[in-house]
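The chain contents come next:
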Amino acid sequence: MGQKKDLTGSEKSKIVRYLAEGCSSLKIAKLLKRDHRTIKHFIQNSQQGHKKRVEKPRRKITAHELRKVKRAAAKMPLATSLAIFQSCNITGVPKSTRCAILRDMAKVRKAERRPPLNKTHKLKRQDWAKKYLKTDFSKVLWTDEMRVSLDGPDGWARGWIGKGQRAPVRLRRQQGGGGVLVWAGIIKDELVGPFRVEDGVKLNSQSYCQFLEDTFFKQWYRKKSASFKKNMIFMQDNAPSHASKYSTAWLARKGIKEEKLMTWPPCSPDLNPIENLWSIIKCEIYKEGKQYTSLNSVWEAVVAAARNVDGEQIKTLTESMDGRLLSVLAKKGGYIGR
C-alpha cells in the first residue's frame, strides 16, 4: 500500500465523518486503504487551518513615475488602475501593487448621476431663480414622490467588516421584490405625510389628482386656516401627471392657481429641498444593509424614519432655498448639487 499525496473529495469527506465517529487515524487509513501518513498529514493540515497570508513587499516605482501616476489619475477620473499606469508607460506592475499605490492618492468612487442640462435648461433655471428671489419660502409647500424597494438602491450594502468576521448574507430577489411609492411635502418646519400610493396604481393625471384629494387635501389641507391657504404656494415638479392640463385645471378648482402654483424649471431635482429629506429617510431605513421581506414592512420603516425627522431638520432644508437660488445665479443656471 503505497503513499499517495492527493486525497479525493469523497475520501476527505469520509475522513471527517470517521473522525466525528471517534475513529483513529490508523483505523481510517485501513478503512480507506490509504497510507497512514497521508491520513495524518490531511488531519494535521485541517486542524492547523489556513496559513496567514504574508504581505509581499510592494514593488517600488520611482518618484518621477509616481508623479506621472498622480497626474494621470487626476486627468482620467474613473479610469482603471491598468489604464492609468499604461498611460504613463509603466508596465509590469501587478494589480495589487497598482491599487496600493493609487490608494495613497485617490479613492474609488462612482460617477455622480445628474440630469442633463442644456443651454435652454440653464436659462430657465436662471429665470426661475430671479423670479422667486424675493419669495418668502416659509410659505412654500415642497412636494415630491419617492419609490422605496425591499433591498434599497444598488451599492448601498457595502460597509466595513472586522477581520475574521464573515459578511452577512443578502437575499437575492427577481426584479428587487417590488417597491412602494411614497408622496410627502415639507413646509417651514412641518412634514406633510408621508402618504402611500396604493400598490399597483400608476400615477397618471386622474389618479394623481384623486390621490391628492384622498390624502393631502382631506387629511391635511382642509384643517388649515383660510389665511394659511391664501398665502401657501404649492410646488410640484414637471412629471407628466403633475404638469398636465387636467391636473393644472383640477388644482385651479381647488384654489391653487397662478402665483399659488409655483412654476418649476426642467431637470432641477437639486433645487427641491425635499430630495434631501428622501436621502435622510433612505439612509435610515437601509442602514447596515437592511432588507425587508414585504412591502408593508418597508412602508412601516418609512413612516418610522419620517417620524424621527424633527422640525429643525426640516426647517434647515426649507431655509436653504435662498442659498440655492444664489448658487444657481452664480453658476449661470448650472447644477448646484444637493
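Computed from a predicted model, the values in this text were never measured in an experiment.

1. What to know about the nonpolar core
Residues Trp-128, Trp-142, Val-148, Met-262, Ile-281 and Ile-285 are the most contacted members of the largest nonpolar core, which totals 39 residues. If you list the elements that add at least two residues to this core, you get helix H7 (119-131), strand S1 (140-149), strand S2 (179-187), strand S4 (233-235), helix H12 (274-285), helix H13 (295-307), helix H14 (311-318) and helix H15 (321-330). With six residues, H13 is the largest single contributor of residues to this core. Grouped together as the second largest cluster of nonpolar side chains are 22 residues, Leu-181, Trp-183, Tyr-208 and Ile-256 included.

2. Things to note about unusual backbone geometry
Of the consecutive residues Gly-193 and Pro-194, the connecting peptide bond is found in the cis state with omega at 5 degrees. Note that Pro-194 resides in strand S3 (residues 190-196). Even without glycine at this site, Cys-267 takes up a positive phi of about 55 degrees. Following the sequence through the fold, Cys-267 ends up in the loop between helix H11 (245-253) and H12. Positive phi values are uncommon outside glycine, yet Lys-332 reaches one of about 55 degrees. Examined against the element boundaries, Lys-332 turns out to sit in the segment after H15. On the basis of relative accessibility, which here comes to 61%, the residue Lys-332 falls in the exposed class.

What counts, and where the lines are drawn
- Residues numbered from 1 in each chain as written.
- Predicted model: local features only at pLDDT ≥ 70, side-chain atom pairs only at ≥ 80, totals over all residues.
- Heavy atoms only, no water.
- Core = buried A, V, L, I, M, F, W, Y, C linked by side-chain atoms within 4.5 Å.
- Buried < 20%, exposed > 50% of the residue type's maximum accessible area, 1.4 Å probe, protein only.
- Helix = DSSP H or I, 4+ residues; strand = E, 2+ residues; numbered from the N terminus.

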